[in-house]
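What follows is each chain in one-letter form.
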Amino acid sequence: MTKIKEKTVSILVNNKPDVLARIAGVFSLRSFNIESISANVTKDPGKSKIILTTKGNQDTLMTIEKQINNLVDIIQVSDLTKIPSIRREMILIRLKVSTANQNSIIQVVEKLHGRVLSKEEGYWIVEVSGDVDEIDAILARFDKLGMDDFTRTGTVALEQIA
Amino acid sequence: MKLKGAQILFRALEAENVDTIFGYPGGKVLDLFDELFRSHVKNILVRHEQGAAHAADAYARVSGKVGVCMVTSGPGATNTVTGIVNAFMDSIPIVVLTGQVQSYLLGSDAFQEADITGITRPCTKHNFLIQRVEDIAQTVKDAFHIASTGRPGPVLIDLPVDIIQMEIEEADLPVVTIPVEKSQTPIVEECQEALTLLARAHKPIIFTGGGVVLGKASQELRQFVKQVNIPVTSSLMGLGAFPASDPLWLGMLGMHGTYYANMAISNCDVMLAIGVRFDDRVTSRVDAFAPNAKIIHIDIDPVTIDKIIQSHVSIIGDCKATLRIFNELMATGKYNMPAGQTDNWLKRVAAWKEEVPLGYCTGENIKPQCVIETLYRLTEGKAIITTEVGQNQMWAAQFYRFDEPNTFVTSGGLGTMGFGLPAAIGAQVACPDRLVVDIAGDGSIQMNIQELATAVNNKLPVKIVILNNSYLGMVRQWQELFYGKRYSQTDLTGSPDFVKLAEAYGATGLRADKPEEMEAMLKKGLNTPGVVVMDFHVEPEEGVYPMVRPGASLNDMLLK
Ligand SMILES: Cc1ncc(C[n+]2csc(CCOP(=O)(O)OP(=O)(O)O)c2C)c(N)n1
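Residues numbered from 1 in each chain as written. Chains lettered and ligands numbered in written order. Predicted model: local features only at pLDDT ≥ 70, side-chain atom pairs only at ≥ 80, totals over all residues. Heavy atoms only, no water.

Peer 1: Requested: an account of the packing of helix H9 (residues 188–199) of chain B against helix H14 (residues 319–331) of chain B, with residues and values cited.
Peer 2: Residue and element names in this part refer to chain B. Viewed as axis vectors pointing N to C, H9 and H14 meet at an angle of 60°, and their least axial separation amounts to 10 Å. Between H9 and H14, the interaxial angle falls into the category oblique. Between H9 and H14 lies a crossing whose hand is right-handed. On H14, the residues that touch Val188, Cys191, Gln192, Ala194 and Leu195 of H9 are Thr322, Ile325, Phe326, Leu329 and Met330. (Axes fitted to C-alpha atoms, helices over the stretch in contact; angles between N-to-C directions. Helix = DSSP H or I, 4+ residues; strand = E, 2+ residues; numbered from the N terminus. Parallel < 35°, antiparallel > 145°, perpendicular 65-115°, else oblique. Left-handed = near helix turned anticlockwise from the far one by under 90°. Contact = heavy atoms within 4.5 Å.)

Next comes the structure, spelled out in structure tokens:
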């Protein structure tokens, strides 16, 4: 009954100012954290897509999904953990750079198909993206290379057409 | 021709066949109330906005239409919140119109500004903040649709004053579109599966809830039960959907359910649950609820399915449509039970009924249960009963035997003291020719007592039966049972003289202290025209039984 599980859902909504608050309300009522969120307009500018990840008891997550589906401005909810999909995150990382670590940084960034976006004196900002399962490993790696701070996007995800 | 926002709003209400609303004016809704002079819509002026929301709620329950209330911004709006949550918990379709400060002042802590859409987001089915005069008509259309379709519920429309004052050329108004119904998934297969399961049952039971009443499925239910001959129990919200005078009726189940309903639930092998959400007052300890039963769950709201009780067959559909399919399938003869399969079970149920019937002991004082029994007899079961909350509510549910749906109006999910009197007003507006009685406690009646003025001034002849035990009786009962009889803050000695209070409001007040006075006074009160307050001084420490202690299983009841 109490299996803890991570879940990524894709929610297609009418692009209304309070729709995010309504979705968030369903989670907070159950004391569930939204682990990550990303939202943007779709091909149809009247609609937005929200990708949201959360963790918790499976049964409760099922109820939450149904409750979200009941909200008026929700068009569709799909559980991306149940269908084949690509799930990625992007990170911006600020690194303290010196002659000692500079080459290693360049190597790692290249290996991860990332980019160095800015090179101010002593500090670089790099961009990398990765599969959600890789992100923690990537961060650990940069941490060793003098990471000063970072920002991650929420998960973005898209269903694969089977 | 130019139209003002307020005018568009009232036209939209008229288009929804609204004839009566419940409201209270204020600075931000002067234009709306002024529009009453030009509209067919009539307002019942309440004395507190909570009363407006409860009256609209009861109006909806009794009439089957959407109830409407209209209040000012800020405190007017926040005063409706208890009423909104009440309607939300019991899935009642109401539309709440709230005034709001000028749209350009929103968020500036303007005088009498309250973020009512924010406040009511978790307790409305949906709410709207109108931002353009062009949107008013469509929003009203959508609000009524949302409130009344699917699982019904309250919808709030917040109306900034500048928008309702704004004028627009009639020709420039957009055409209102009719909201599309959500398509229902076909359910015939599930229905077949359900009836196959039911046909194999040796110890079946039907458990109905508010969904049957709200879904207007009472006739279909009766027809179905006639064919399958299975005992029926119901939650508080479902009372009346199945006639209490039928021999298959088991009474209410749950915390204060009958012994036999709770025993039957605890021992059944198949349960057909229709329009219920398995509230904790019904299930008590969930893992001991119908422990040996396969459960068939019908509900219009997918959220209720498997939320608390795991079902073996689930049907997401409205009760009326589903029961119609059941009845059609039964007519094929394919789902009949083998003769005699449930004979032992029906005997067992009858034995439980005889073993511990609902009852009480008579004594020196008036017994509250006896007042309700007598009320039932004198009104021939034909009154619309509203209740307050507490013991009075439970005794009403146990001892007034409801034969028709929409005649028992009670605050089930929220348990709102102060609901009964404004609810009686709303019910009386919906049914001017019916006898409407509020069964009250001396505590609850004081929570919206000001509505006596509404009843008197609008000539709404509601009758109020106060079961006056000088205690917050239900809380006192818990203190007696679980807190060593330490009656902390539940003694209500010092309440006003309800006879004088009634008279001060222009109503009739009557009082009875002795059992031998009770019936004559009740008769007199019911036959007196106009609003009547009947103050019955009853046994102060009477308890409601049976009682399932919180956390206990349903078959573990205190009987005395
Ligand atoms: C608004 C509100 N406040 C508090 C309660 C908690 N409560 C439940 S029953 C009850 C006692 C009700 O007393 P009374 O109206 O005299 O009815 P009785 O139980 O004596 O019939 C109280 C205080 C409530 N249900 N609603």
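Peer 1: Mind laying out the domain arrangement of chain B, listing which residues take part and the relevant values?
Peer 2: How large an interface is tends to be reported as the accessible area lost when its parts come together. Residues and elements named next belong to chain B. According to the domain assignment, chain B contains domain 1 (2–172), domain 2 (188–355) and domain 3 (368–545). Placing the centre of domain 2 and that of domain 3 at their C-alpha centroids yields a distance of 31 Å. Each partner contributes to the interface: domain 2 provides 18 residues, whereas domain 3 provides 18 residues. Joining domain 2 to domain 3, the criterion identifies one salt bridge. Our count for the contact surface shared by domain 2 and domain 3 stands at six residue pairs in polar contact (both at pLDDT 80 or more). Only helix H11 (218–228) and strand E11 (249–252) provide two or more residues apiece to the side of domain 2 that touches domain 3. The class makeup of the residues in the side of domain 2 that touches domain 3 is 11 nonpolar, four polar and three charged. (Domains from an automatic or database assignment. Salt bridge = Lys/Arg side-chain N within 4 Å of Asp/Glu carboxyl O. Polar contact = N/O pair within 3.5 Å; in protein donor to acceptor, adjacent residues only side chain to side chain. Nonpolar A, V, L, I, M, F, W, Y, C, P; charged D, E, K, R; others polar.)

Peer 1: Describe in detail the site of the ligand, supporting the description with residues and values.
Peer 2: Residue and element names in this part refer to chain B. Neighbouring the ligand are 17 residues; Gln391, Gly415, Gly443, Ser444 and Gly473 lie closest to it. The backbone of tyrosine 471 places a nitrogen or oxygen atom 3.1 Å from an oxygen atom of the ligand. Glycine 473 is positioned such that a nitrogen or oxygen atom in its backbone is 2.8 Å from an oxygen atom of the ligand. In terms of residues, the shell around the ligand owes the most to one element, helix H20 (residues 473–482), which gives three residues. Residues belonging to the shell around the ligand are distributed by class as follows: seven nonpolar, nine polar and one charged. (Near = heavy atom within 4 Å.)

Peer 1: Kindly report on the state of the cysteines, identifying the contributing residues and their values.
Peer 2: All names here are of chain B. For the structure shown, the criterion picks out zero disulfides over all chains. The thiol of cysteine 69 is not disulfide-bonded; the next cysteine sulfur, from cysteine 123, is found 12 Å away. The class for cysteine 69 is buried, based on a relative accessible area of 0%. Among the cysteines around cysteine 268, which has no disulfide bond, cysteine 319 carries the closest sulfur, lying 18 Å off. The exposure class of cysteine 268 is buried, given its relative accessible area of 1%. (Disulfide = S-S within 2.5 Å. Buried < 20%, exposed > 50% of the residue type's maximum accessible area, 1.4 Å probe, protein only.)

Peer 1: I'd like a description of the environment of Leu106(B), backed by residues and values.
Peer 2: All names here are of chain B. Residue position: leucine 106 is located in the loop between strand E5 (94–100) and helix H6 (116–120). A relative accessible area of 32% places leucine 106 in the partly exposed class. Separated by 54 residues in the primary sequence, leucine 106 and proline 160 have C-alpha atoms spaced 8.6 Å apart. The contacts of leucine 106, once residues within four sequence positions are left out, are Gln100, Val101, Glu113 and Leu129.

Peer 1: Please give an account of the pairing of E5(B) that cites residues and values.
Peer 2: Residue and element names in this part refer to chain B. Summarising burial for E5: seven of the seven residues are buried, a large majority. On E5, burial covers both faces: Ile94, Val96, Thr98 and Gln100 on one face and Val95, Leu97 and Gly99 on the other are all buried. As paired elements, strand E4 (residues 67–71) and E5 share five bridges and run parallel to each other. Following the sheet pairing, valine 71 is matched in E5 by threonine 98. Across six bridges, E5 lies against strand E7 (residues 155–160) in parallel orientation. Opposite valine 96, over in E7, you have leucine 156 as the bridge partner. (Pairing = 2+ DSSP bridges.)

Peer 1: Please provide a residue-by-residue account of the sheet that holds E11(B), values included.
Peer 2: Residue and element names in this part refer to chain B. Pairing is parallel across the open sheet formed by six strands, whose spatial order is E11-E10-E9-E12-E13-E14. The sheet is open, and its two borders are formed by E11 and strand E14 (313–316), each paired with just one other strand. On average, each strand axis in the sheet is tilted by 15° relative to the strand beside it, whichever way the strands run. Here five bridges tie strand E12 (residues 270–274) to strand E13 (residues 294–299), and the two strands are oriented parallel to one another. When the bridges of E13 are listed, isoleucine 274 appears paired with isoleucine 298. Taken strand by strand, helix H12 (residues 259–267) contacts strand E9 (204–208), strand E10 (232–234), E11 and E12, and its axis lies near 105° from that of E11.

Peer 1: Describe the packing of aromatic side chains, with residues and values.
Peer 2: In this structure the tally under the stated criterion is 12 aromatic pairs over all chains. On the basis of an interplanar angle of 50° and a centroid distance of 5.3 Å, the ring pair of Phe224(B) and Phe326(B) is categorised as tilted. Of this pair, Phe224(B) sits in helix H11 while Phe326(B) is found in helix H14, placing the two residues 102 residues apart along the sequence. With relative accessibility at 0%, the residue Phe326(B) sits in the buried group. Plain terms: the ring middles of Phe278(B) and Phe289(B) are 5.8 Å apart, the flat faces sit at 75° to each other, and that makes the pair edge-to-face. Within this pair, whereas Phe278(B) is found in the loop between E12 and helix H13 (280–283), its partner Phe289(B) is found in the loop between H13 and E13, the two being separated by 11 residues in sequence. For the residue pair Phe278(B) and Phe289(B), the accessibility class agrees, reading buried in each case. Through a chain of ring-to-ring contacts, three or more aromatic side chains come together here, namely Tyr376(B), Tyr400(B), Phe402(B) and Phe408(B). The aromatic ring of Trp124(A) is capped on one face by Lys119(A), whose charged end is 4.6 Å from the ring centroid. Above the face of the Tyr471(B) ring, Arg476(B) is positioned so that its terminal group lies 5.6 Å from the ring centre. (Phe/Tyr/Trp six-rings, centres within 6.5 Å; stacked < 30°, edge-to-face > 60°. Lys NZ or Arg CZ within 6 Å of the ring centre and 35° of its normal.)

Peer 1: Hey, could you go over the side chain of Gln428(B) for me, with residue numbers and the actual values?
Peer 2: Its location among the elements puts Gln428(B) in helix H18 (residues 420–430). For Gln428(B), a relative accessible area of 2% puts it in the buried group.

Peer 1: Talk me through helix H4 (residues 135–144) of chain A; I want residue IDs and the actual numbers.
Peer 2: Residue and element names in this part refer to chain A. What H4 keeps buried is the set Ile135, Ile138, Leu139 and Phe142. The arc that holds every buried residue of H4, seen down its axis, measures 95°, which confines them to one face. Facing away from the buried side of H4, by more than 90 degrees, are the exposed residues Asp136 and Lys144. Where the residues of H4 are buried, they touch strand E5 (85–96), helix H3 (102–111), strand E7 (123–131) and strand E8 (147–152). Following H4 by one or two positions, glycine 146 adopts a phi angle in the positive range, close to 90°. (Arc of directions from axis to C-beta.)

Peer 1: Describe the pattern of salt bridges, with residues and values.
Peer 2: By the definition in use, this model includes 35 salt bridges over all chains. Measuring nitrogen to oxygen at the nearest pair gives 3.6 Å for the salt bridge that ties Lys65(B) to Asp19(B). Placement of the pair is Lys65(B) in the loop between helix H3 (49–63) and E4 and Asp19(B) in the loop between helix H1 (5–15) and strand E2 (20–23), with a sequence separation of 46 residues. Residue classification places Lys65(B) among the partly exposed positions, given a relative accessible area of 32%. The shortest N-O distance in the salt bridge between Arg61(B) and Asp57(B) comes to 2.6 Å. Of this pair, Arg61(B) and Asp57(B) both sit in helix H3, four residues apart, roughly one helical turn. You'll find Arg61(B) and Asp57(B) in the same group, each marked buried. When salt bridges with common partners are traced through the structure, they connect Lys7(A), Glu65(A), Asp79(A) and Lys82(A) into a single cluster.

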